[in-house]
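# Results of the structural survey
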Amino acid sequence: MALEHAILVSLDERPGTGYELARRFDKSIGFFWAATHQQIYRTLKRMDDLRWVTAEEVAQDGRPDKKVYRVSPEGRQELQRWLRETGEPATVRHDLAVKIRGASLGDPRAVAEEVARHRRHHAERLDVYRAIEKKDFPDPSALHGRRLHQHLVLRGGIKAEEALLEWCDEVLAAMREDDPR
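So, how was this worked out
- Residues numbered from 1 in each chain as written.
- Predicted model: local features only at pLDDT ≥ 70, side-chain atom pairs only at ≥ 80, totals over all residues.
- Heavy atoms only, no water.
- Axes fitted to C-alpha atoms, helices over the stretch in contact; angles between N-to-C directions.
- Helix = DSSP H or I, 4+ residues; strand = E, 2+ residues; numbered from the N terminus.
- Parallel < 35°, antiparallel > 145°, perpendicular 65-115°, else oblique.
- Left-handed = near helix turned anticlockwise from the far one by under 90°.
- Nonpolar A, V, L, I, M, F, W, Y, C, P; charged D, E, K, R; others polar.
- Contact = heavy atoms within 4.5 Å.
- Core = buried A, V, L, I, M, F, W, Y, C linked by side-chain atoms within 4.5 Å.
- Buried < 20%, exposed > 50% of the residue type's maximum accessible area, 1.4 Å probe, protein only.
- Expected span 1.5 Å × (residues − 1).

### Brief notes about the packing of helix 6 (residues 108-136) against helix 7 (residues 145-178)
If you want to describe how two helices pack, look at the angle between their axes and the distance between the axes. Running from amino to carboxyl end, helix 6 crosses helix 7 at an angle of 155°, the nearest separation of the two axes being 9 Å. Considering their axes alone, helix 6 and helix 7 lie roughly antiparallel with respect to each other. Between helix 6 and helix 7 lies a crossing whose hand is left-handed. Across the contact of helix 6 with helix 7, the residue classes break down as 17 nonpolar, four polar and 10 charged.

Following this line, the structure appears as structure tokens:
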């Protein structure tokens, strides 16, 4: 997926400035598609050149004017084209898996410490996802349309973090059993 498509989805949900869009990436879409603020601003410029977005100048008191971006009809057409496009299934590229596989070639205890660090990260991320679900989707059975689709993505994140936690626990238990000390 191109960053352009993630931006189109986000702007279709709610128009905003580059700054607002970058903050959204930090708090929601960024959990599933990461981009730096600089990448977002560069991509918005390119999308404006392609006429996929429109930018409205909004005056501010005591501050420079800001641009509020919206998806244009051409951008909506591009988004619809992309949504119909067939993509490749996700492939797992996981540095940690390669480290685990090679643990016996170096220091297995250091690798186990790295697995534990990853486990803590995934536990924290799972807590964030569950808090978002509780706050934003208190009654999932009542969801439909855009809100349902947003919740389904969040559920995918929850399931992925649960699986990664379970895997880290399995790895740590097995590495403890294999530790000769």
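Right, picking up where we left off after that structure.
### Some words on the packing of helix 1 (residues 3-13) against helix 4 (residues 73-84)
Contact pair helix 1 / helix 4: the axes reach a minimum separation of 10 Å and the direction vectors enclose 120°. Between helix 1 and helix 4, the angle falls in the class oblique. In the packing of helix 1 onto helix 4, the handedness of the crossing is left-handed. Side by side, helix 1 and helix 4 meet where His5, Leu8, Val9 and Asp12 of the first sit next to Gly75, Arg76, Glu78, Leu79, Arg81 and Trp82 of the second. Broken down by class, the residue content of the contact of helix 1 with helix 4 amounts to four nonpolar, two polar and four charged.

### A word on the nonpolar core
Here is a general trend for soluble globular proteins: nonpolar side chains tend to be buried in one another's company. Residues Ile7, Leu8, Leu11, Leu21, Phe25, Ile40 and Leu44 are the most contacted members of the largest nonpolar core, which totals 19 residues. Counting only elements with at least two residues in this core, the list comes to helix 1, helix 2 (18-27), helix 3 (37-49), strand 2 (63-71) and helix 4. The element that contributes the greatest number of residues to this core is helix 1, accounting for five residues. Core analysis: the second largest hydrophobic core is formed by nine residues, Leu96, Val111, Cys168 and Met175 among them.

### A short note on helix 7
The terminal C-alpha atoms of helix 7 lie 49 Å apart, and with 34 residues this matches the ideal 50 Å at 1.5 Å per residue to within 8%. Among the residues of helix 7, His151, Leu154, Gly157, Ile158, Glu161, Leu165, Cys168, Val171, Leu172 and Met175 are the ones counted as buried. On its buried face, helix 7 sits against helix 5 (95-101) and helix 6.

### Topic: unusual backbone geometry
With a phi close to 65°, arginine 51 is a non-glycine residue in the positive phi region. Mapped onto the secondary structure, arginine 51 falls in the loop between helix 3 and strand 1 (53-60). Here arginine 51 falls in the exposed class, since its relative accessible area comes to 58%.

Just geometry here; none of it tells us what the structure is for.
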